[in-house]
Amino acid sequence: MTTWLGLDAGHTEPVQADETALSLYESLLFHAQVVCVHVVEDHHAMSFRLVERPSENTVSTLVERGYGVAVHDGNLQRLAGPEGLDRGALRAALAHRQRREGRALKFPGQRALHGRYGVSDILAFSAIEEVLPHGVKSVDARGDLRPSFVNGKLTLVL
C-alpha cells in the first residue's frame, strides 16, 4: 500500500528544504521511492512516497524533532506536530499524492542517469514521464535532474 508522508519544518529557503529532505532520506526515510519539496504558502515542505506506513517510532521521532507530520494513504491516517506545520505537511502530502505540484529530489531510475541520454531512454528507464520542451532529442544528465509534477506527470523542464 502506498503512503505519502508530508513533513513541514517551515523552511523559508528551498535549499534548506532540499538538504533536510535528502538528509532524512539518507537516514530515517531511506526506503522512500520518491522525495519531493513543495511550496506551501510562504515556505517549503517535503513529501516522501513510501511503500508502507512509517512506524509509530519514526513518526514520534519526527514530531520530537519539531516537524509537522502528515501520514496519508488515501485516507488521512495521522496529523501531528506543531500547529500550522501539521497543515503544511498535509498540503505537501496531498500535492504529491495528487501529482499536482512538487519538485522531485529522488525518484526511480535517477541513479542511472549520468551522462548524455536520449529522451526516449529517460522516459523508458526512469520515473520521468515527459520532457519539455517537446522535440528535445537528448539530455545531459549529471545525476542532478530535478523533474516536477506538472498536470499529473513527473516532468523534466529543460
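Criteria and cut-off values
Residues numbered from 1 in each chain as written. Predicted model: local features only at pLDDT ≥ 70, side-chain atom pairs only at ≥ 80, totals over all residues. Heavy atoms only, no water. Helix = DSSP H or I, 4+ residues; strand = E, 2+ residues; numbered from the N terminus. Buried < 20%, exposed > 50% of the residue type's maximum accessible area, 1.4 Å probe, protein only. 1 Å grid on protein atoms, 1.4 Å probe; cavity = no way out; pocket = protein on both sides within 12 Å on 5 of 7 lines; lining within 4 Å. Points joined across faces, edges and corners; volume = space filled by probe spheres on them. Nonpolar A, V, L, I, M, F, W, Y, C, P; charged D, E, K, R; others polar. Contact = heavy atoms within 4.5 Å. Pairing = 2+ DSSP bridges. Core = buried A, V, L, I, M, F, W, Y, C linked by side-chain atoms within 4.5 Å. Salt bridge = Lys/Arg side-chain N within 4 Å of Asp/Glu carboxyl O. Expected span 1.5 Å × (residues − 1).

Following L132, the chain continues into P133 via a peptide bond in cis, with omega recorded as 0°. Tracing the backbone through its elements, the reader meets P133 in the loop between β8 (130–132) and β9 (138–142). Phi is positive for E41, which is not a glycine, with a value near 55°. Along the chain, E41 turns up in the loop between β2 (34–40) and β3 (43–50). Taking the relative accessible area as the measure of exposure, E41 reaches 63% and is therefore exposed. The backbone of N151 sits at a positive phi, close to 50°, despite the residue not being glycine. The residue N151 is located in the loop between β10 (148–150) and β11 (153–157) in this model.

Below, the discussion takes up the layout of surface pockets. Space inside the largest pocket adds up to approximately 170 Å³. Lining the largest pocket are Y25, A32, Q33, K106, F107, P108, G109, Q110 and R111. By residue class, the composition of the lining of the largest pocket is four nonpolar, three polar and two charged.

This next bit is on the environment of P82. On the secondary structure map, P82 appears in the loop between β5 (76–80) and α3 (85–97). Setting aside anything within four residues of it in sequence, one finds P82 in contact with G66, Y67 and G68.

Strand residues, when the strand is regular, have side chains that alternate between the two faces of the sheet. Two strands pair when backbone bridges link them, and strand β4 (residues 68–72) and β5 are joined in this way by four bridges, in the antiparallel orientation. Bridge assignment links A70 to a residue of β5, and that residue is L79. Between β4 and β5, which pair antiparallel one after the other, the connecting turn spans three residues, and G74 there sits at a positive phi close to 110°.

Bringing the environment of A141 into the picture now. Secondary-structure assignment places A141 in strand β9. Owing to a relative accessible area of 1%, A141 belongs among the buried residues under this scheme. Each residue touching A141, except ones within four places of it in the same chain, is listed here: L113, H114, G115 and Y117.

Here we take up the nonpolar core. Across soluble globular proteins, nonpolar side chains have a tendency to be buried as a group. Within the largest apolar cluster, 18 residues are counted, with the highest numbers of intra-cluster contacts made by L5, L7, L24, M46, F48 and V69. Among all residues touching L5, those that are not within four sequence positions of it are L29, M46, S47, F48, L50, P54, L62, V69, A70, V71 and A93. Grouped together as the second largest cluster of nonpolar side chains are 15 residues, F107, L113, V131 and A141 included.

Here the focus is the pattern of salt bridges. Within this structure, the stated rule accounts for six salt bridges. The salt bridge involving D18 is made with R103; its shortest N-O contact spans 2.9 Å. Separated by 85 residues along the polypeptide, D18 in helix α1 (residues 14–26) and R103 in strand β6 (residues 103–106) bring together distant segments of the chain.

Attention now goes to α3. With 13 residues, α3 should reach 18 Å at 1.5 Å per residue; the first-to-last C-alpha distance of 18 Å fits that figure. If you check which residues of α3 are buried, you get L85, D86, G88, A89, L90, A92, A93, A95 and H96. Where α3 is buried, its residues touch β1 (3–11), β2, β3, β4, β5 and β10. R99 lies just past α3 and shows a positive phi near 55°.

Our focus in this paragraph is the environment of V15. Structurally, V15 is set in helix α1. By relative accessible area, which is 52% here, V15 ends up exposed. Separated by 111 residues in sequence, V15 and S126 place their C-alpha atoms 24 Å apart.

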